[in-house]
Structure formats: structure tokens, C-alpha cells
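Commentary on secondary and tertiary structure
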Amino acid sequence: PEQVIPAVAFIALLGIPHGAIDHVLFLEKSSWSPLAFYAFYLGMVGIYVLAWLYFPALSMLLFLLLSAYHFGQSQLVDIDFSGKWRRMLVYFAWGASILSALIVYNQAEIVNLSQGYEEMQLLLPVMSETPNLIVLIACTTLVVILLVEALIRKRISGDRFAMEVFLLFVIHFSFLALPILTAFSLYFVILHSLKVLSDEYKFLSRSRKRLSVKKFIHLLWPYTLLSLVGTAIILGLSYAEWIEVSQLFLVFILISVLTLPHSIVMEK
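Since the model is a prediction, treat every value here as computed from it, not as a measurement.

A side chain of one charge can pair with a side chain of the opposite charge when the charged atoms of the two come close. Overall, the coordinates contain eight salt bridges when judged by the stated rule. The residue Arg160 makes a salt bridge to Asp78 at a minimum N-O spacing of 2.8 Å. Taken together, the positions of Arg160 in helix H9 (residues 158-177) and Asp78 in the loop between helix H4 (56-76) and helix H5 (84-105) put the pair 82 residues apart, joining distant regions of the chain. Asp78 sits in the exposed class, given a relative accessible area of 52%. The salt bridge partner of Glu149 is Arg86, with a shortest N-O separation of 2.6 Å. Residue Glu149 is located in helix H8 (residues 129-152), and its partner Arg86 is located in helix H5; the two are separated by 63 residues in the primary sequence. The class for Arg86 is partly exposed, based on a relative accessible area of 29%. Here the salt bridges do not stand alone but share partners, grouping Asp78, Arg160 and Glu164 into one network.

The following block contains the structure:
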């Protein structure tokens, strides 16, 4: 509880809002109709829910891969890595570096949290230590190499290079030193969600000249509130045993099914 309550509070206040205007962002410069967008968005959610119910380990792996790319993209999107594939590679490597670190450094806690939950036991092979340690070493090395290359080619400044290396070190250290939920929620809120919210505000400001912080917040709250209420209802049904899935497993499902369409929107 000492980890769960602060983590849920921070993610509810700042984490969920950063994905609450996907419809606004996507439709801002798209020829799609709102109906087509919502059909696509909710269709992705529905398909992923079914995947979780029938292929939980594969769905967990997809969740980690999507999250890795999305986290790296949000952190490094303004750096020119000269080429689409190089850019995609460094995005994925950056995110995979921190997520594999979270798993490796907190392996005992992950196993402990999963005890007593049959569904969570199915996810443990994806979060086993050895393969994630290999990913950790390979992806961290790759990120540093690509950042050094960008520095040599003068695509980033020395100050930016130093900052990115320092941030990567701080994230790894916090994942090593702090309990898993505390460490991840601090990263997710402070370094990811706030940055994405800032990028979203700048993006909309280019086409909406009169956009203010107050108006931006007004755009955020409807779907933030809907997400919070919906999540509370679903978890409440699980607590009342009307949904025969553990609350911890449900949390993974709820976060991941929103991550999939959100990642696609942010890539566009």
C-alpha cells in the first residue's frame, strides 16, 4: 500500500492526462472523420483485450515492445538521427534499456508480487532475468554508441549529449535503488508524461494561436475523468469478483490497451 497509493495518485493526476487528447492530436492534421478515428481506436483496444485473455505472455511482450519504443520516442524525438530506421532503432533501444533495467534490478520483487496470482505467473517468462539482462546490456550500449555518433556528426550539442547520458544514468540508478512501483511512477510522471504534455501543447499551439494553458487543461479533463471513472468501475468489479481476473493483471491490461493506440497516435 505504501507504494501503490502514491503511484496511483501520481499516474492518475499526470500520467493518464498525457493520453487524454489522442483524438484531438490525431484529427488536428488528419483527413479522417471522428467516427473513423474512434472506430480505429476502440477496435485496437478491443482486439488487444482479447489478445490478453487468450495469449497473455505474447500480449505482455507486445506491451513491453510498444512501451520501449514510445518511451524512447518521447525522450529523443527532437534529435536528428539521420534516417527513419536509425531513428526507430535508437527510440526502441533507449526504451528497452530502461524497461529491461526495471525488470532486472527488481527481479525478486516482481516474482514476489506475482505470487498467488495464476495469471501473473503466465507473464513471468517474459520478465525473466537472463534475457532481460542481455537486452539491458545490448540496448544501453547501442544507445550510447548512437548518441556518440550523433555528437561526432554534430547533430546534438555536447550539453545535450551529457544531459541524455546523465538522465539515462539517473533512471537506471533510481530503478536500482527504489522499489519498483515508486521508481517507475516517478519516471513515468516526471520524465515521460510531463514531457509529452509539453510536446502536445507545443504541437497544438502551432495551429491554435489562442491556445492557453487553461484551454489546454480544459481539453484534457473530459477523457481523463472518463478513464479514471472507467478504471475505478472495472477494478471495483474485479474486487467484487464479478470479473474473474486479479486486479494486478487487470492493471496491466488497462494500461497496455491504451498504450497501443496512443503509441500509434504519437508516432503520427
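Anyway, onward from the coordinates.
A grouping of Leu50, Leu53, Tyr54, Phe55, Leu58, Leu61 and Leu65 is seen on the molecular surface, where their side chains present a nonpolar patch of about 750 Å² in accessible area. Within the residue set of the nonpolar patch, elements represented by two or more residues are helix H3 (34-54) and H4. Here Leu58 lies in helix H4.

Conventions used here
- Residues numbered from 1 in each chain as written.
- Predicted model: local features only at pLDDT ≥ 70, side-chain atom pairs only at ≥ 80, totals over all residues.
- Heavy atoms only, no water.
- Salt bridge = Lys/Arg side-chain N within 4 Å of Asp/Glu carboxyl O.
- Helix = DSSP H or I, 4+ residues; strand = E, 2+ residues; numbered from the N terminus.
- Buried < 20%, exposed > 50% of the residue type's maximum accessible area, 1.4 Å probe, protein only.
- Patch = residues over 30% accessible without salt bridge, like charges linked within 9 Å, V, L, I, M, F, W, Y side chains within 5 Å.
- Areas by Shrake-Rupley, 256 points an atom, 1.4 Å probe, with all protein chains shown as cover.

As far as function goes, none of this settles anything; it's purely spatial.
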